[in-house]
Amino acid sequence: MSPSPFGLPDLRFVTTGEHPLWDEALAAVNRDLAVTLPEQRPLCLVAHPGLDEDEEDERVHVGFPDGYSHGNPLWRAGSGAGALRVVAEAAQETVTERLWQAWPVCTLHGLGMHVTEDAARLSWWCAGVSRPGDPAHVRAAIGEMDTVHRPRRPNRKRRKPR
């Protein structure tokens, strides 16, 4: 354990393979982070000691490479989908708190998105409604934000060829 840069109890960075389901989920979330916030370094798993002297288990959080994390610890998930949900929500909470901005943001509406299950896949969901008649929609499956392209705006003036 090493001292936390934020004055928190000692923390350690979780090594790859300790929590395979969380590792896989974090890799998907980091793909979305790289696409939406390319200036940010990948998130990691950070372990804090138990709160009580009698508590042997560590509490694992999603954090930044400097050890900063925010929110509740990850809970054990029995499946890959369960791990993806808990890691995506924890990452969203940590990124939002650290950067003081919504993440991820729907490129169509400029609104923060949330995790939802759509067609048996976990996805980033946008509430829509930036304009009357805009429906709520799934923007992309978690880990696949790189497949989303910003649509051409129909009222935007086109550049004239030179």
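Residues numbered from 1 in each chain as written. Predicted model: local features only at pLDDT ≥ 70, side-chain atom pairs only at ≥ 80, totals over all residues. Heavy atoms only, no water.

### Regarding the nonpolar core
Okay, so step 1: Membership of the largest hydrophobic core comes to 35 residues, with the highest contact counts inside it found for V62, L74 and V87.
Okay, so step 2: Those elements that provide at least two residues to this core are helix 1 (20-36), strand 2 (44-48), strand 3 (59-63), helix 2 (80-99) and strand 5 (121-126).
Okay, so step 3: The element best represented in this core is helix 2, accounting for 8 residues.
Okay, so step 4: Among residues more than four places away in sequence, those in contact with L74 are W22, L45, V60, H61, V62, V86, V87 and A90. (Core = buried A, V, L, I, M, F, W, Y, C linked by side-chain atoms within 4.5 Å. Buried < 20%, exposed > 50% of the residue type's maximum accessible area, 1.4 Å probe, protein only. Helix = DSSP H or I, 4+ residues; strand = E, 2+ residues; numbered from the N terminus. Contact = heavy atoms within 4.5 Å.)

### A few points about helix 1
Okay, so step 1: Taking 1.5 Å of rise per residue, 17 residues should cover 24 Å, and helix 1 covers 25 Å from first to last C-alpha, within 8% of that figure.
Okay, so step 2: Of the residues making up helix 1, those classed as buried are W22, D23, A25, L26, A28, V29, N30, D32 and L33.
Okay, so step 3: Packing partners of the buried residues in helix 1 comprise strand 2, strand 3, helix 2, strand 5 and strand 6 (137-141). (Expected span 1.5 Å × (residues − 1).)

### Structural notes on the side chain of D23
Okay, so step 1: In this fold, D23 is placed in helix 1.
Okay, so step 2: Those residues in contact with D23 that lie beyond four places of it in its chain are T16, G17, E18 and L45.

### Some words on the sheet that holds strand 3
Okay, so step 1: What the 3 strands build is an open sheet, ordered 1-2-3; its pairing is antiparallel. Bordering the open sheet on either side are strand 1 (12-13) and strand 3, each of which pairs with just one other strand.
Okay, so step 2: Pairing between strand 1 and strand 2: 2 bridges, direction antiparallel. Bridge pairing in strand 2 places R12 opposite A47.
Okay, so step 3: Packed on one face of the sheet, helix 1 meets strand 2 and strand 3 and runs near 135° to strand 2. (Pairing = 2+ DSSP bridges. Axes fitted to C-alpha atoms, helices over the stretch in contact; angles between N-to-C directions.)

### Some remarks on the confidence of the model for the chain
Okay, so step 1: Per-residue confidence for the chain gives a mean pLDDT of 83, with 80% of residues at or over 70.
Okay, so step 2: Between the elements of the chain, mean pLDDT differs from a low of 87, seen in strand 6, to a high of 96, seen in helix 1. (pLDDT = per-residue confidence, 0-100.)

### Quick word on the sheet that holds strand 4 (residues 114-118)
Okay, so step 1: Strand order across the open sheet formed by 3 strands is 4-5-6, with antiparallel pairing between neighbours. In this open sheet, the two edge strands, each paired with only one partner strand, are strand 4 and strand 6. Here the average twist between neighbouring strands, direction ignored, is 50°.
Okay, so step 2: Examined bridge by bridge, strand 4 and strand 5 share 5 bridges and lie antiparallel to one another.

### Remarks on the packing of helix 1 against helix 2
Okay, so step 1: Packing of helix 1 against helix 2 leaves a shortest axis separation of 8 Å and a crossing angle of 50°. By the angle between their directions, the pair helix 1 and helix 2 is classed as oblique. Handedness of the crossing formed by helix 1 with helix 2: right-handed. Contact residues: L21, W22, A25, L26, A28, V29 and L33 in helix 1; G80, A83, L84, V86, V87, A88, A91 and V95 in helix 2.
Okay, so step 2: Here the residues of the contact of helix 1 with helix 2 sort into 14 nonpolar, 1 polar and no charged. (Parallel < 35°, antiparallel > 145°, perpendicular 65-115°, else oblique. Left-handed = near helix turned anticlockwise from the far one by under 90°. Nonpolar A, V, L, I, M, F, W, Y, C, P; charged D, E, K, R; others polar.)

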